[in-house]
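Descriptive structure summary
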Amino acid sequence: QVQVAESGGGLVQPGGSLRLSCAASGSIYSISYMGWYRQAPGKQRELVVSYTSGGTTNYADSVKGRFTISRDNAKNSVYLQMSSLKPEDTAVYYCGVVAKPSAQQSFRTYWGQGTEVTVSS
């Protein structure tokens, strides 16, 4: 099956930067979508930014101009460069991947365990 792993979280001061990485591995026939989501304490998980296989990106209004997503199709990876971080960006960041393990199987969503980002002085 497909495994998803995130990395790069940590503690950063307001105004600082951080780069998150997400890699999908295992039996992968095709990936149609990769995206970053986040869940703050006591809140629902929300979309941060998505990246389709066609190259279309969709950013949440709260991160536009501060976060940038990039994708390496050869490595089945997606990255999130976060700049001008704010305390309200504090959350666990998850990578969601829509993929199919084989030609015969359907696309489904796979999630990583998440990586924690804390923005605090």
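Residues numbered from 1 in each chain as written. Predicted model: local features only at pLDDT ≥ 70, side-chain atom pairs only at ≥ 80, totals over all residues. Heavy atoms only, no water.

This part takes up the pattern of salt bridges. Summed over all chains, the structure comprises 4 salt bridges. In this structure, Arg 38 and Glu 46 form a salt bridge, with 2.7 Å as the shortest nitrogen-oxygen distance. The buried category is assigned to Arg 38, whose relative accessible area is 6%. The shortest N-O distance in the salt bridge between Asp 89 and Arg 38 comes to 2.9 Å. Taken together, the residues Asp 89 in the loop between β8 (77-82) and β9 (91-100) and Arg 38 in strand β4 (residues 30-39) connect sequence positions 51 residues apart. Judged on exposure class, the residue Asp 89 and its partner Arg 38 are both buried. Taken together, the shared-partner salt bridges in this structure form one network comprising Arg 38, Glu 46, Arg 66 and Asp 89. (Salt bridge = Lys/Arg side-chain N within 4 Å of Asp/Glu carboxyl O. Buried < 20%, exposed > 50% of the residue type's maximum accessible area, 1.4 Å probe, protein only. Helix = DSSP H or I, 4+ residues; strand = E, 2+ residues; numbered from the N terminus.)

Within the secondary structure, Phe 107 is located in the loop between β9 and β10 (108-111). Separated by 10 residues in the primary sequence, Phe 107 and Val 97 place their C-alpha atoms 9.6 Å from one another.

Residues Trp 36, Leu 80, Met 82, Tyr 93 and Val 97 are the most contacted members of the largest nonpolar core, which totals 29 residues. Elements with a minimum of two residues in this core: β1 (2-7), β3 (18-26), β4, β5 (46-52), β7 (67-72), β8, β9 and β11 (115-119). With 5 residues, the single largest contributor to this core is β9. Apart from the residues lying within four places of it in its own chain, the contact partners of Val 97 are Val 4, Cys 22, Ala 24, Ile 31, Tyr 33, Met 34, Arg 108, Thr 109 and Tyr 110. (Core = buried A, V, L, I, M, F, W, Y, C linked by side-chain atoms within 4.5 Å. Contact = heavy atoms within 4.5 Å.)

The next point concerns the pairing of β5. Alignment of β4 against β5, held across 6 bridges, turns out to be antiparallel. Looking at β5, one finds that Gly 35 is bridged to Ser 50. Joining the antiparallel neighbours β4 and β5 is a turn of 6 residues, in which Gly 42 adopts a positive phi near 75°. Where β5 folds back onto strand β6 (residues 57-59) in an antiparallel hairpin, the turn is made up of 4 residues, including Gly 55, whose phi is positive at roughly 95°. (Pairing = 2+ DSSP bridges.)

For the rest of this paragraph, the subject is the pairing of β1. Here β1 shows a clear split, with Val 2, Val 4 and Glu 6 buried on one side and none of Gln 3, Ala 5 and Ser 7 buried on the other. The pairing of β1 with β3 spans 6 bridges and is antiparallel. The residue bridging Val 2 from the neighbouring strand is Gly 26, located in β3.

Turning to unusual backbone geometry, a few remarks are in order. Here the phi dihedral of Asn 76 falls at roughly 50°; this positive angle occurs in a residue that is not glycine. Looking at where Asn 76 falls in the secondary structure, it is placed in the loop between β7 and β8.

Time to look at the sheet that holds β8. Strand order in this open sheet of 4 strands is β1-β3-β8-β7, and the pairing throughout is antiparallel. Lying at the two open borders of the sheet, with one neighbouring strand each, are β1 and β7. Neighbour to neighbour, the strand axes of the sheet diverge by 15° on average, direction disregarded. As defined by bridge partners, β3 adjoins β8 across 6 bridges and the pair is classed as antiparallel. (Axes fitted to C-alpha atoms, helices over the stretch in contact; angles between N-to-C directions.)

Functional significance is not addressed by these values, which are geometric in nature.
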